[in-house]
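One-letter residues, chain by chain:
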Amino acid sequence: MPDLFAAPDLPRLAVRGSADRYPVVRVFCVGRNYAAHAAEMGNEVDRDAPFYFTKSPFHVALTGATLPYPPGTQDYHHEMEFVIAIGAPIFQGTRDAAGAAIFGYGAGLDMTRRDLQGAAKDKRRPWDLGKDVEGSAVLAPLTRAVDFGPVADQRIHLTVNGEIRQDAALSEMIHDCAGIVSDLSKFYHLAPGDIILTGTPAGVGPVVAGDVLHGEVTGCDPVDLTLT
Ligand SMILES: CC(=O)CC(=O)C(=O)O
């Protein structure tokens, strides 16, 4: 039977050094995973367990995108993040199993309508309008875990118009990659196609139309976004 309308294709990420593509099925995000960022937002970190929010895979933009400043906000913020891509099914997995289930890593942006996120927090409402913005999960090509090597003190940083805004080390993450995947697998049957943005370091701030964002994680391809 025919579909009533043409459904969009899933976004597909390039994989460094190969012709393979990684289809993105679900996008999970970790909040407050760097102490300095939690502090700049006036929050405490939770060292016991990460917390999560999600974005639609159809709100993924591939690196190099030129996108309009989004509607409904006067305070659109950059959040530079390290990205995990799941490569094998895992449910209620140990840390070791979680590490083995990781396909690869990448650089990403979790663009945020900060004013709407703040209003939602004040009213104890969900963050969707603040976080699940069209084009707000900007993703670079993936580097296979075997090529990336152990996640240690690799640098993660972001420039806006060439000026450094965020600069940290992956070792500053409160919950590491295996810990995040193991914890998230308590709640979801994780599978290939699941992407996890692991939280942003300190230095988040507003962007405006015309800004050029460039983010890097050592060992990964860069992530780029231009706003019009
Ligand atoms: C406070 C936030 O916006 C949560 C988040 O995305 C992060 O900490 O990263």
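Residues numbered from 1 in each chain as written. Predicted model: local features only at pLDDT ≥ 70, side-chain atom pairs only at ≥ 80, totals over all residues. Heavy atoms only, no water.

Chemist: What is the right way to look at the overall build of the protein chain in this model?
Modeler: Secondary structure assignment for the protein chain yields six helices and 18 strands. The C-alpha atoms of the protein chain give a radius of gyration of 17 Å, which matches the 17 Å a tight globule of 228 residues would have. Across its three principal directions, the C-alpha atoms of the protein chain cover 50 × 40 × 35 Å. In the protein chain, the share of contacts with a sequence separation of at least 24, taken over all contacts with a separation of at least 6, comes to 76%. In the form shown here, the protein chain has an accessible surface area of approximately 10600 Å², with 54% of it arising from carbon and sulfur atoms. Charged side chains in the protein chain number 19 positive and 29 negative. The centres of these two groups are separated by 4 Å. (Helix = DSSP H or I, 4+ residues; strand = E, 2+ residues; numbered from the N terminus. Rg over C-alpha atoms; globule rule 2.2 N^0.38 Å. Contact = heavy atoms within 4.5 Å. Areas by Shrake-Rupley, 256 points an atom, 1.4 Å probe, with all protein chains shown as cover. Lys, Arg positive; Asp, Glu negative; His and termini not counted. Charge placed at Lys NZ, Arg CZ, Asp CG, Glu CD.)

Chemist: Can you help me understand helix α6 (residues 177–184) in this one?
Modeler: For an α-helix, 3.6 residues make a turn, and residues three or four places apart therefore share a direction. Burial analysis of α6 places seven of its eight residues in the buried class, the great majority of the element. Those residues of α6 that fall on the buried side of the exposure criterion are C177, A178, I180, V181, S182, D183 and L184. Summarising the contacts, the buried residues of α6 are in contact with β3 (26–31), β4 (51–55), β8 (80–86), α2 (95–100), β9 (102–110) and β15 (194–197). (Buried < 20%, exposed > 50% of the residue type's maximum accessible area, 1.4 Å probe, protein only.)

Chemist: Even after reading the chapter, I still don't get the sheet that holds strand β7 (residues 76–78), so can you show me in this structure?
Modeler: Each strand in a sheet pairs with its neighbour through backbone hydrogen bonds, running either in the same direction (parallel) or in the opposite one (antiparallel). One open sheet accounts for three strands, arranged β10-β7-β16; its pairing is antiparallel. In this open sheet, the two edge strands, each paired with only one partner strand, are β10 (112–113) and β16 (205–206). Bridging between β7 and β10 involves two bridges; their strand directions are antiparallel. The partner of Y76 across the bridge, within β10, is R113. (Pairing = 2+ DSSP bridges.)

Chemist: How should I be thinking about the state of the cysteines in this particular structure?
Modeler: Under the defined criterion, the tally for this structure stands at zero disulfides. Here C29 is not disulfide-linked; the sulfur of C177 is the nearest cysteine sulfur, at 14 Å. C220 forms no disulfide, and the closest cysteine sulfur to it belongs to C177, at a distance of 10 Å. (Disulfide = S-S within 2.5 Å.)

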